[in-house]
Amino acid sequence: MGTVFSLYQQSFPPKPRWLVKDIPDQTGKVVLITGGNTGLGLETAKALIAKNAKVYITSRDEQRGSDAIDELKRTSNNAEVFLIQCDLSDLRSVKAAAENFLSKETQLHILFNNAGIMFPPMSELTKQGQDLQFGVNVIGHYYLTKLLLPAMLATVSNETGGKARVVNTSSSAMLLAPSGGINYDTLVDGPARRKFDNVKLYQQAKAGTVIFSTELARRYGDRGIVSISLNPGNIRTGIQRYVVGLQAKILDFVLYDKAVGVLTQLFAGTAPEAEDLNGKYLIPFARVGSARKDLLDASAGVKLWDWLEAQTQGV
Ligand SMILES: NC(=O)c1ccc[n+]([C@@H]2O[C@H](COP(=O)([O-])OP(=O)(O)OC[C@H]3O[C@@H](n4cnc5c(N)ncnc54)[C@H](OP(=O)(O)O)[C@@H]3O)[C@@H](O)[C@H]2O)c1
C-alpha cells in the first residue's frame, strides 16, 4: 500500500464501530497511563475509571498532574486514581516513577505509553543529552516498560490465561520516517542531527515507537505480554502546540475530537479481541492496520533494543 494512500486512509477514517461503551468492566485491573494529565491520556483515564479500573496517571508537572487528578475525581464517583510524577526526558525521573509505582502495586494489567511531544525546538535535548522527541517518545517509554515488566509478568502468572498489555501510541508520521526507521547519528547533537528538522525527528521518533512495540511483542509475546502500537488519528489536543499561524489554521480543518481520538488506544488496551493482536499496529478508529514494512524487520528491532539497553545502562 502506498504511503499517500495510507496517510489518506488514516487521516479520514470511517465512523468508529467500536465505542467507549464497548470497554468491558475493568474491576480489579491496574492501569498506568503516561501523560495522563491532558489530551488523549486524560480521556483514556476518564474512560477506564468509568469502567472501574484503578488508574495511575503520570505527569511531568506536579501541578498539572494534581489538577488532572482533581478533575478525574470530580467527574467520577470515588475514583481510584493516583498521580505519579514522571518526566520522560529524564531517565532518573523515569526510574523514580517506576520505583514509586512498584512501591504501591505488585501488578500492572495495562501500560499506556501515551505521552509524547511533537516538533519542539531543535535545541531541546533530554537530561541525558539525546534528541528530545526520541527521548520522550521512545527512550523514556522503553525504560519505564523495562522497569515495570516484572509487575506485568507477575500479573500474567497470577491469573489463569492472564495477559498484560502494553499500548504504544505512535502516529501516521511513522510512514514518513527515514528508510529503516532511525538514523542513529541524529539522536545526539552533531552534524547529522543538524541536517534533520524537528518534523523529521518526530517522524523518526514515532517509527521508533513502532519498532520498539514490535520488538517487545517478539521478546515477550510468549510470556503473556501483548504489545500493540497505533495511530490514534489526527486529534485536536495540546500536541499541536508548536504548529502555529496559517499552518495551524489549515491543520485544524482535518482534526477530530478527543472523544474519537481515544478509541484506538482504548480498544488496544481493553477489547477482548485485541488480546490476539500482539505485535500489530492499529489505525483510527480501532481498526487493525499495517505499519511500514521496514519498521517490522527483526533486525531493526534488535538494533533498537540493544541501543536502548546501552542508553539506559547505569541510570
Ligand atoms: N493528537 C494527535 O493528532 C496525535 C496524532 C498522532 C499521534 N499522537 C500521539 O498521541 C499521544 C498523546 O498525545 P496528545 O495528542 O494527547 O497530546 P497532548 O495533549 O500534548 O498530551 C501529551 C502528553 O505527553 C506529556 N509529555 C510531553 N513531554 C513529556 C515529558 N518530557 N515527560 C512526560 N510527559 C510528557 C504531556 O505533558 P504536558 O501536559 O506537561 O505537556 C501530555 O501529558 C502522543 O504520543 C502523540 O504523539 C497524537
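Here's what I pulled together on the structure shown here. (Residues numbered from 1 in each chain as written. Predicted model: local features only at pLDDT ≥ 70, side-chain atom pairs only at ≥ 80, totals over all residues.)

Okay, the site of the ligand next. Around the ligand, 28 residues are found, and the nearest of them are Gly35, Gly39, Ala115, Gly116 and Gly238. At 3 residues, the largest contribution of residues to the shell around the ligand is made by helix α2 (residues 39-50). Looking at the shell around the ligand, its residues break down into 10 nonpolar, 14 polar and 4 charged. (Near = placed C-beta within 6 Å. Helix = DSSP H or I, 4+ residues; strand = E, 2+ residues; numbered from the N terminus. Nonpolar A, V, L, I, M, F, W, Y, C, P; charged D, E, K, R; others polar.)

Two elements in contact, helix α4 (residues 91-104) and helix α5 (residues 132-158), have axes separated by 9 Å at closest approach and are oriented at 25 degrees. When the axis of α4 is compared with that of α5, the two are roughly parallel. The crossing of α4 and α5 is right-handed. Touching Leu91, Val94, Lys95, Ala97, Ala98, Phe101 and Leu102 of α4 are Gly140, Tyr143, Leu144, Leu147, Leu148 and Ala151, all from α5. (Axes fitted to C-alpha atoms, helices over the stretch in contact; angles between N-to-C directions. Parallel < 35°, antiparallel > 145°, perpendicular 65-115°, else oblique. Left-handed = near helix turned anticlockwise from the far one by under 90°. Contact = placed C-beta atoms within 7 Å.)

Pro284 connects to Phe285 through a cis peptide bond whose omega is -15 degrees. Inspection of the secondary structure puts Phe285 in the loop between β7 (281-283) and β8 (287-289). Positive phi outside glycine occurs at Phe119, with the angle close to 60 degrees. With respect to the helices and strands, the residue Phe119 is situated in the loop between β4 (110-113) and α5. We note that Ala286 has phi near 65 degrees; this positive angle belongs to a residue other than glycine. Locating Ala286 in the fold gives a position in the loop between β7 and β8. With 25 C-beta atoms packed within 10 Å, Ala286 lands in the buried category. (Buried ≥ 20, exposed ≤ 12 C-beta atoms within 10 Å, placed from the backbone.)

Geometry only, nothing functional implied.
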